[in-house]
Amino acid sequence: MILRVYTGLVLASQHGIRKIPPPEKFIQGVGELGFPLPEVFAWWAGCAEFFGGILLAVGLLTRPAAFVILITMVTAVFGRHAADPFSVKELAVTYGIIATTFLLVGSGRYGIDRLFHHQRTNKS
């Protein structure tokens, strides 16, 4: 839970919030990666980091949020930072590894997802 809450809040507050709305420089960077409609994909990345981080922090829709975060981080590592040294892409790699972990294990005992799962299993 501690890792999920910390990662989600830091991702949302330090990275995602800066990209909503996406600054022109960020949109240009997305365009340079070859994405069609770079403004749309820039919004996608900002929302993935901000809303995905919030969802991760509270443990709601943890696996879908982790998946969207993972796709965003893979794009950052192999797209934006492909030619950069590891020291530049290490943060995106770290977020990607953490997202992969929550994609596999879910929110854990103290997430909202567990409350919904618990309610569904008790009704059956």
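Scope of this entry: the structure provided in the associated data block. Here the structure is a predicted model, which means the values were calculated and not measured.

It is worth spelling out the overall build of the chain at this point. For the chain, the count of helices and strands is six helices and zero strands. Starting at the N terminus and walking to the C terminus, you meet the elements of the chain as α-α-α-α-α-α. Projected onto its principal axes, the C-alpha positions of the chain cover 50 × 30 × 20 Å. The proportion of buried residues among the 124 residues of the chain is 34%. In the chain, once contacts between residues fewer than 6 apart in sequence are set aside, the share between residues at least 24 apart is 69%. Looking at the chain, you have 11 positive and 7 negative side-chain charges, and the mean spots of the two groups are 15 Å apart.

Our next topic: the nonpolar core. Counting 14 residues, the largest nonpolar core has L11, I69, M73, A92, Y95, A99 and F102 as its most contacted members. When residues of this core are traced back to their parent elements, those giving at least two are α1 (2-16), α4 (62-80) and α5 (86-105). At six residues, α4 tops the list of elements feeding residues into this core.

It is worth spelling out the layout of surface pockets at this point. Estimated volume of the largest pocket: approximately 640 Å³. Those elements that place two or more of their residues in the lining of the largest pocket are α1, α2 (24-32), α3 (38-58), α4 and α5. It is α4 that contributes the most residues to the lining of the largest pocket, six residues altogether. Along the lines of polarity and charge, the residues of the lining of the largest pocket split into 16 nonpolar, five polar and five charged.

Two numbers describe how α1 lies on α5: the axes approach to 11 Å, and their chain directions differ by 135 degrees. Here α1 is positioned oblique relative to α5, judged by the angle of their axes. Our pair here, α1 against α5, has a crossing hand that is left-handed. The segment α1 lies against α5, with L3, R4, T7, V10, L11 and H15 engaging L91, Y95, I98 and F102.

Mapped onto the secondary structure, F41 falls in helix α3. What makes F41 partly exposed here is its relative accessible area of 33%. It is 8.0 Å that separates the C-alpha atoms of F41 and I27, two residues lying 14 residues apart in sequence. Those residues in contact with F41, other than ones at most four positions away along the chain, are V30, F35 and P36.

How each quantity is defined
Residues numbered from 1 in each chain as written. Predicted model: local features only at pLDDT ≥ 70, side-chain atom pairs only at ≥ 80, totals over all residues. Heavy atoms only, no water. Helix = DSSP H or I, 4+ residues; strand = E, 2+ residues; numbered from the N terminus. Buried < 20%, exposed > 50% of the residue type's maximum accessible area, 1.4 Å probe, protein only. Contact = heavy atoms within 4.5 Å. Lys, Arg positive; Asp, Glu negative; His and termini not counted. Charge placed at Lys NZ, Arg CZ, Asp CG, Glu CD. Core = buried A, V, L, I, M, F, W, Y, C linked by side-chain atoms within 4.5 Å. 1 Å grid on protein atoms, 1.4 Å probe; cavity = no way out; pocket = protein on both sides within 12 Å on 5 of 7 lines; lining within 4 Å. Points joined across faces, edges and corners; volume = space filled by probe spheres on them. Nonpolar A, V, L, I, M, F, W, Y, C, P; charged D, E, K, R; others polar. Axes fitted to C-alpha atoms, helices over the stretch in contact; angles between N-to-C directions. Parallel < 35°, antiparallel > 145°, perpendicular 65-115°, else oblique. Left-handed = near helix turned anticlockwise from the far one by under 90°.

On their own, these measurements won't tell you what the molecule is for.
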